[in-house]
Amino acid sequence: METPVFDFLNRYIESGTVRLHMPGHKGRLPYDVLKKISQYDITEIAGADSLFEADGILSRAEDNTAALYDTGSTCFLAGGSTAGIQAMLACTCSPGDTILAARNAHKAFVNTCALLDLNVQWILPSSRDSFGVSGTVDAEQIASLLPGSNIKAVYITSPDYLGYMSDIGAIAAICRQHGVPLLVDNAHGAHLKFGATDRHPITLGASMCCDSAHKTLPVLTGGAYLHIAKDFPVSKETAKEKTALFSSTSPSYLILLSLDLCNAYLAEHGKNDFTALHSLSQQLRAAAKSAGFSEQKGICDDTKLTLDGADHGLTGEELAGYFRKMGIECEYAGERHVVFMLSPQNAEEDIARLITAISHAPYGHTRFPSPTFSLPVPVKSIRQASFSPYIRIRTEDACGRIAAQTKITCPPGVPLVVAGERIDKIILKFLKNSGISFINVVK
């Protein structure tokens, strides 16, 4: 597959043109580690195209990605899936509209709702972990809420941070039956198009989705895609206009270059590499089961291995500390869980070391309470509360107050309490358990 961005940049470097344009380093960063790559870092000079008005090399690279993912159109993003979430909501909703969303949504979704003045009708995943937020959403949950409602769009996060994957195909069928667009935060699933089975949200019927290519593909941090289904009436031009509302006017050409190069990688190696990763993932899950870690139903993303420290009487941080001593750094360690993120770029010895470490994981004596998460009561809209006068108080004094900010654990970035919700005793307990000592509340 052609790489128009890479080819243009190589020609520009070889031309020896005097760079009297941004950026200030002029392709000559004075740091050894960045000297070579800085040659490829340019701005929107003649021939380089412009991300939000793309009609040249960037447009061709995006068309290549659209062909790989079999979408109606695909837009490059240099601001991660956050930019994609913002664009999806801006393309499909107007101020005052209501979105049906699973609570395992990332904070970026909540922030966008505050900016666009959107209301959220939350649902809890039907099959969820001990924390009570991460999990899978059933099509039946969606089907029971859409008839006769004023819901403008359905928003699902799948895979979520722990690796839970909802049945997007079944949910998409329900949404199409009711004429409501399905928007998917597929930040952790850019790889799902590839491998033995195509499980990408667009393939399964979603109207729009965003993929953080940098999370699971060989792309620089911040590189992402916004995909639009062939039969969804949002044009690429509209998507670009909405993305530009929230994004920097100076997108990184290094990020865009990595997205361009990734097209060639996916075309040549994607299917084989992610088929092989599935086999490695199964080996890791088998090793974890043999070592006494429980199988967690619904976690079926091959790029995630999630271990529950409670199975060994350890907190997530204690278990992560053990793996660090073994020379392994995890993606996330929470109160109970440790998440490892895998990709085809991990060497065989990486996997072998992880399997060895899992098989020798120690046991502790920590016992975990099983608090049940329940949705707090919304009192104000997300926008009203986010922009209200507020005071900062100790979390222990916040029971009964209305949150003026969305509080999360990051990672995984899902909201414990959303701006506008009343903080009750249950939420107070979760906030304290997450180490949140202060919170802004409405005056």
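Residues numbered from 1 in each chain as written. Predicted model: local features only at pLDDT ≥ 70, side-chain atom pairs only at ≥ 80, totals over all residues. Heavy atoms only, no water.

What the protein chain contains, in helices and strands, is 14 helices and 16 strands. Scaling as 2.2 N^0.38, a compact globule of 443 residues should have a C-alpha radius of gyration of about 22 Å, and the protein chain matches this with 23 Å. Looking at the 443 residues of the protein chain, the share that counts as buried comes to 56%. Put simply, the protein chain shows about 18,800 Å² of open surface, and 51% of that area lies on carbon and sulfur atoms. Of the charged side chains in the protein chain, 40 are positive and 45 negative, and the gap between their average positions amounts to 8 Å. (Helix = DSSP H or I, 4+ residues; strand = E, 2+ residues; numbered from the N terminus. Rg over C-alpha atoms; globule rule 2.2 N^0.38 Å. Buried < 20%, exposed > 50% of the residue type's maximum accessible area, 1.4 Å probe, protein only. Areas by Shrake-Rupley, 256 points an atom, 1.4 Å probe, with all protein chains shown as cover. Lys, Arg positive; Asp, Glu negative; His and termini not counted. Charge placed at Lys NZ, Arg CZ, Asp CG, Glu CD.)

Okay, the nonpolar core next. Inside soluble globular proteins, nonpolar side chains tend to come together where they are buried. Core analysis: the biggest nonpolar cluster contains 62 residues, and Leu 89, Phe 109, Ile 142, Val 154, Tyr 155 and Leu 182 have the highest contact counts within it. Looking at this core, the element that brings in the most residues is helix H4 (residues 80–92), giving 7 residues. Residues within four places of Leu 89 in sequence aside, it is in contact with Ile 99, Phe 109, Thr 112, Cys 113, Leu 116, Leu 118, Tyr 155 and Leu 183. Counting 56 residues, the second largest nonpolar core, distinct from the first, contains Ala 190, Leu 277, Leu 314 and Ala 361. (Core = buried A, V, L, I, M, F, W, Y, C linked by side-chain atoms within 4.5 Å. Contact = heavy atoms within 4.5 Å.)

With that settled, consider the sheet that holds strand S9 (residues 224–228). Ordered by their spatial adjacency, 7 strands build an open sheet running S1-S9-S8-S7-S6-S2-S3, and the pairing between neighbours is mixed. Only two strands of the sheet have a single neighbouring strand rather than two, namely strand S1 (73–77) and strand S3 (119–123). Shown here is a sheet whose adjacent strand axes are inclined to one another by a mean of 20°, direction ignored. Sheet topology places strand S2 (residues 98–102) next to S3; 5 bridges connect them, and they run parallel. Bridge pairing in S3 places Ala 102 opposite Ile 123. In this fold H4 packs onto S1, S2, strand S6 (151–157), strand S7 (182–185), strand S8 (208–211) and S9, with an angle of close to 165° to the strand it touches most, S8. Running over the sheet, helix H9 (residues 236–246) touches S1 and S9 and is turned about 20° from S1. (Pairing = 2+ DSSP bridges. Axes fitted to C-alpha atoms, helices over the stretch in contact; angles between N-to-C directions.)

Attention shifts here to the packing of helix H1 (residues 4–15) against helix H10 (residues 253–290). One way to put it is that H1 packs onto H10 with a least axis distance of 7 Å and a crossing angle of 125°. Taken together, H1 and H10 sit at an angle that is classed as oblique. Of the residues in H10, those touching H1 at Pro 4, Val 5, Phe 6 and Leu 9 are Leu 257, Asp 260 and Leu 261. The residue inventory of the contact of H1 with H10, partitioned by class, reads 6 nonpolar, no polar and 1 charged. (Parallel < 35°, antiparallel > 145°, perpendicular 65-115°, else oblique. Nonpolar A, V, L, I, M, F, W, Y, C, P; charged D, E, K, R; others polar.)

Turning to the pattern of salt bridges, a few remarks are in order. For the structure shown, the criterion picks out 17 salt bridges. Between Lys 236 and Glu 62 there is a salt bridge, with its nearest N and O atoms 2.9 Å apart. Of this pair, Lys 236 sits in helix H9 while Glu 62 sits in helix H3 (residues 57–69), placing them 174 residues apart in sequence. The residues Lys 236 and Glu 62 share a single accessibility class, namely buried. Arg 324 serves as the salt-bridge partner of Glu 317, at 3.8 Å between the closest nitrogen and oxygen. You can call Glu 317 partly exposed: its relative accessible area is 43%. (Salt bridge = Lys/Arg side-chain N within 4 Å of Asp/Glu carboxyl O.)

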